Amino acid sequence: MAQSFARFGSRVSLIEMAPSILGREDGDAAELLLGVFVRDGIDLQLGAKILRVETSGSDRILHLERDGKGISVTVDAILAAVGRTPNLDRLGLDKAGIIFDQSGIKVSDTLVTSNPDVYAAGDICSPYKFTHTADALARILIANALFMGHQKTSALTIPWCIYTDPEIAHVGLYERDARAKGIAVTTFTVPLSDIDRAVLDGETDGFARVHLKTGTDKILGATIVARHAGEMINEFSLAITNGMGLSAIGKTIHPYPTQAEVIKHLADACNRTRLTPFVKKLLSAWLKWQRG
């Protein structure tokens, strides 16, 4: 929203208590987007605490504290992004024996509530509050509630996209998450500046990054930063959902020139690591013998 208003011509200040934007996302992706925000003229107040708000005529004056210093920001309007809470008032869930709390309704892996005759789906019971996730949960609910299915939410591969410009799309584990689980990770990154179509489009702000289980081509997670990253992440989602490794993407022909070619370049980067000095020596010997 900050970027949209800024590009419409508004003077925008983005106030964030955390020391950086998008703290949960890939650090390089967040840093790249921060630079874009600065270019867009957004006044970034990071690591700032709002002490109070005053009104003066039609102005609103925000008094902040940042690095121990007082800062004042004068604006016409304030848009507060404070998250969402489920609307459970007057539903009488306790009378139906349905357990819930401030975060929502508690469900099993098959979306059954504490009342075995009642199912729930969507934002009300999922930590992933996306429209596409709600749709996927609804499909599981229908299969389980009406057709005696046993589909599980834990089997879902859920991608998401932050609709800035460029977009940030992600699916699977971040590197930090994989390491926290004790999984050795090998990461490959290809900048969009290496992709001909991105250069032609003048859209070189971005990159594609994939995390593999070390010693294999198993895809643990991927992040794409690009103008149409939300369209491009689906290839990784498909691969993870169906247990296909990065080599399967490498074998897939991608039209040239397209920005999605960056994903194939990741597979090429992985393949190049297999060409060790020993393998090079063997190949040289083989080719020399072939030439006779």
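Residues numbered from 1 in each chain as written. Predicted model: local features only at pLDDT ≥ 70, side-chain atom pairs only at ≥ 80, totals over all residues. Heavy atoms only, no water.

### Comments concerning the packing of aromatic side chains
Just so we agree on the cut-off: Put simply, two rings from Phe, Tyr or Trp (the six-membered ring, in Trp's case) pair if the centres are within 6.5 Å, and we call them stacked under 30 degrees between planes, edge-to-face over 60, tilted for the rest. Helix numbering and strand numbering both begin at the N terminus, where a helix is a DSSP run of H or I of at least 4 residues and a strand a DSSP run of E of at least 2. Per-residue accessibility, obtained with a 1.4 Å probe over protein chains only, is compared with the maximum for each type, and a residue is labelled buried under 20%, exposed over 50%, and partly exposed between these values.
For the coordinates displayed, the defined rule picks out three aromatic pairs. Considering the side-chain rings of Tyr 128 and Trp 160, the 6.1 Å spacing of their centres and the 25° angle between planes classify their relative orientation as stacked. Here Trp 160 lies in strand E8 (residues 160–162) and Tyr 128 lies in the loop between strand E7 (104–105) and helix H3 (131–146), a separation of 32 residues in the sequence. Residues Phe 130 and Trp 160 carry aromatic rings whose centres are separated by 6.1 Å and whose planes lie at 25° to one another, so their mutual orientation is stacked. Of the two residues, Phe 130 is situated in the loop between E7 and H3 and Trp 160 in strand E8; the sequence distance between them amounts to 30 residues. Relative accessible area serves as the criterion here: at 16%, Trp 160 is assigned to the buried category.

### Side note on the sheet that holds strand E10 (residues 185–191)
Selection criterion: DSSP calls a pair of strands paired once it identifies at least 2 bridges connecting them. Where helices are involved, their axes are fitted lines through C-alpha atoms of the stretch in contact, as for all axes, and angles between N-to-C directions lie from 0 to 180°. The contact rule is simple, with two residues in contact once any of their heavy atoms fall within 4.5 Å.
With antiparallel pairing, the five strands of this open sheet are ordered in space as E8-E9-E12-E11-E10. Single-partner strands in this sheet number two, and they are E8 and E10. Averaged over all adjacent pairs, the angle separating strand axes in this sheet is 10°, with direction ignored. Packed onto the sheet, helix H7 (residues 234–241) meets strand E9 (167–172), strand E11 (207–213) and strand E12 (219–226) and runs at close to 175° relative to E12.

### Thoughts on the pattern of salt bridges
Definition in use: Salt bridges are identified by distance alone: a Lys or Arg side-chain nitrogen within 4 Å of an Asp or Glu carboxyl oxygen.
Within this structure, the stated rule accounts for 13 salt bridges. Between Arg 209 and Asp 26 there is a salt bridge, with its nearest N and O atoms 2.9 Å apart. Separated by 183 residues along the polypeptide, Arg 209 in strand E11 and Asp 26 in the loop between strand E1 (13–16) and helix H2 (27–39) bring together distant segments of the chain. Relative accessible area serves as the criterion here: at 12%, Arg 209 is assigned to the buried category. One salt bridge connects Arg 139 with Asp 135, and the closest N-O pair in it is separated by 2.8 Å. Placement of the pair is Arg 139 and Asp 135 together in helix H3, with a separation of four residues, close to one helical turn. Note on Arg 139: relative accessible area 57%, which makes it exposed.

### Section: the pairing of strand E5 (residues 69–75)
With seven bridges joining them, strand E4 (residues 59–66) and E5 adopt antiparallel strand pairing. The partner of Leu 64 across the bridge, within E5, is Ile 71. Connecting the antiparallel pair E4 and E5 is a turn made up of two residues, with Asp 67 showing a positive phi of about 55°.

### Digging into the pairing of E11
The buried count for E11 comes to six of seven residues, which makes it a mostly enclosed element. Examined bridge by bridge, E10 and E11 share seven bridges and lie antiparallel to one another. In the strand pairing of E11, Thr 187 is matched with His 211. Counted between consecutive antiparallel strands, the loop separating E11 from E12 contains five residues, among which Gly 215 sits at a positive phi close to 90°.

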